[in-house]
Amino acid sequence: MSAFKLREYQSKSISDLYMAIIVEKLSDEEAKRHRNALKPQDEGYAEVKKLDELVDNLTRNALNESNLDSTSAKQITDIMKDAISFAFEKSAAIIVMKFGDTYVNLNDDQEINVSTHTLRNLEPFSDYYAEDEYRFLELDGKVVLDVDSFEPFEEYEKKFFKKQDFIVQN
């Protein structure tokens, strides 16, 4: 079911459309799973391994300089490494339409829940597309945005993800 009706999308101006990055924090469990699954070719792997090495060195130094037993040192190491995972986020480039105070993700035709998601790097859709290069269609009960070319969207995505360093991208 569409967030709004086709005619409501069609009646909106291009100035109500934006390119954006939608960000969702990972749950504790997802973050730990992601962290443990990182491979050398993955983005962020080197940074996470560098932090791991730093945590290991700090714990080793604390163990050597205090009466800390090896079990306690391992617990502290695990806690610190888990804390690093909490910074992981899922992010993706999307196109949104503004309806008053509400933003609708045109990738899935759903209202964005601002309590669980953040929109970053909003840029006018008109910086990438002209009025005659897009249209709204209804397919299987959902409104979809049809564009003449994906190149402007890919340009936006590359521009943003080049500037930012996200561990997880969807």
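This section reports on the structure supplied with the text. (Residues numbered from 1 in each chain as written. Predicted model: local features only at pLDDT ≥ 70, side-chain atom pairs only at ≥ 80, totals over all residues. Heavy atoms only, no water.)

Looking at the overall build of the protein
Turning to step 1, where the next piece is worked out: On a plain count of helices and strands, the protein comes out with 5 helices and 7 strands.
Turning to step 2, where the next piece is worked out: Along the protein, helices (α) and strands (β) appear in the sequence α-β-α-α-α-β-β-β-β-β-β-α when read from the amino end.
Turning to step 3, where the next piece is worked out: By residue count, 32% of the 170 residues in the protein fall in the buried class.
Turning to step 4, where the next piece is worked out: Contacts spanning at least 24 positions in sequence make up 72% of the contacts within the protein whose residues lie at least 6 apart.
Turning to step 5, where the next piece is worked out: Looking at the protein as shown, the accessible area adds up to about 10500 Å², and 49% of this sits on carbon and sulfur atoms. (Helix = DSSP H or I, 4+ residues; strand = E, 2+ residues; numbered from the N terminus. Buried < 20%, exposed > 50% of the residue type's maximum accessible area, 1.4 Å probe, protein only. Contact = heavy atoms within 4.5 Å. Areas by Shrake-Rupley, 256 points an atom, 1.4 Å probe, with all protein chains shown as cover.)

Focus on the pattern of salt bridges
Turning to step 1, where the next piece is worked out: Under the criterion given, the structure shown has 4 salt bridges.
Turning to step 2, where the next piece is worked out: Between Lys159 and Glu123 there is a salt bridge, with its nearest N and O atoms 3.1 Å apart. Of this pair, Lys159 sits in helix α5 (residues 151–163) while Glu123 sits in strand β5 (residues 118–124), and the two are 36 residues apart along the sequence.
Turning to step 3, where the next piece is worked out: The class for Lys159 is partly exposed, based on a relative accessible area of 37%.
Turning to step 4, where the next piece is worked out: Taking the relative accessible area as the measure of exposure, Glu123 reaches 11% and is therefore buried.
Turning to step 5, where the next piece is worked out: Where Arg135 meets Asp148, a salt bridge forms, and the shortest distance between an N and an O atom there is 2.6 Å. Here the residue Arg135 occupies a position in strand β6 (residues 134–139), and Asp148 occupies one in the loop between β7 (142–147) and α5, the gap between them amounting to 13 residues. (Salt bridge = Lys/Arg side-chain N within 4 Å of Asp/Glu carboxyl O.)

Some details on the side chain of Asn105
Turning to step 1, where the next piece is worked out: If you trace the backbone, Asn105 turns up in strand β3 (residues 102–105).
Turning to step 2, where the next piece is worked out: With near-sequence residues (within four places) excluded, Asn105 lies in contact with Ile22, Ile94, Ile95, Val96, Gln110 and Ile112.

A word on a nonpolar patch on the surface
Turning to step 1, where the next piece is worked out: A cluster of nonpolar side chains, namely Leu51, Leu54, Leu58, Ile76 and Met80, defines an oily patch on the protein surface of about 400 Å² accessible area.
Turning to step 2, where the next piece is worked out: Among the secondary structure elements, those contributing two or more residues to the nonpolar patch are α3 (45–65) and α4 (70–85).
Turning to step 3, where the next piece is worked out: No other element matches the 3 residues that α3 contributes to the nonpolar patch.
Turning to step 4, where the next piece is worked out: Position of Ile76 among the secondary structure elements: in helix α4. (Patch = residues over 30% accessible without salt bridge, like charges linked within 9 Å, V, L, I, M, F, W, Y side chains within 5 Å.)

A closer look at the packing of aromatic side chains
Turning to step 1, where the next piece is worked out: As enumerated under the stated definition, the model contains 9 aromatic pairs in all.
Turning to step 2, where the next piece is worked out: Between Tyr18 and Tyr103, the aromatic rings sit 6.4 Å apart at their centres with planes inclined by 70°, giving edge-to-face as the arrangement. A residue pair is termed long-range when its members are at least 10 positions apart, and Tyr18 in strand β1 (residues 17–25) and Tyr103 in strand β3 qualify at 85 residues.
Turning to step 3, where the next piece is worked out: A centroid spacing of 5.2 Å and a plane angle of 85° characterise the contact between Phe125 and Tyr134, whose relative ring orientation is edge-to-face.
Turning to step 4, where the next piece is worked out: One aromatic cluster is present, built from ring pairs that chain together Phe4, Tyr9, Phe99, Phe125, Tyr129, Tyr134 and Phe136. (Phe/Tyr/Trp six-rings, centres within 6.5 Å; stacked < 30°, edge-to-face > 60°.)

Focus: the pairing of β3
Turning to step 1, where the next piece is worked out: Where strand β2 (residues 89–99) lies against β3, 4 bridges are found, and the strand directions are antiparallel. For Lys98, the partnering residue across the bridge sits in β3 and is Tyr103.
Turning to step 2, where the next piece is worked out: Hairpin connection, β2 to β3: the antiparallel pair is bridged by 2 residues, and Gly100 has positive phi, about 65°.
Turning to step 3, where the next piece is worked out: In terms of strand pairing, β3 meets strand β4 (residues 110–111) through 2 bridges, oriented antiparallel. Note that in β4 the partner of Asn105 across the bridge is Gln110.
Turning to step 4, where the next piece is worked out: Joining the antiparallel neighbours β3 and β4 is a turn of 4 residues, in which Asp109 adopts a positive phi near 55°. (Pairing = 2+ DSSP bridges.)

Considering the sheet that holds β3
Turning to step 1, where the next piece is worked out: Ordered in space as β4-β3-β2-β1-β5, the 5 strands form an open sheet in which the pairing is antiparallel. Unpaired on one side and paired on the other, β4 and β5 mark the two borders of the sheet.
Turning to step 2, where the next piece is worked out: With 5 bridges joining them, β1 and β5 adopt antiparallel strand pairing. Within the sheet, the bridge partner assigned to Ile22 lies in β5 and is Leu119.

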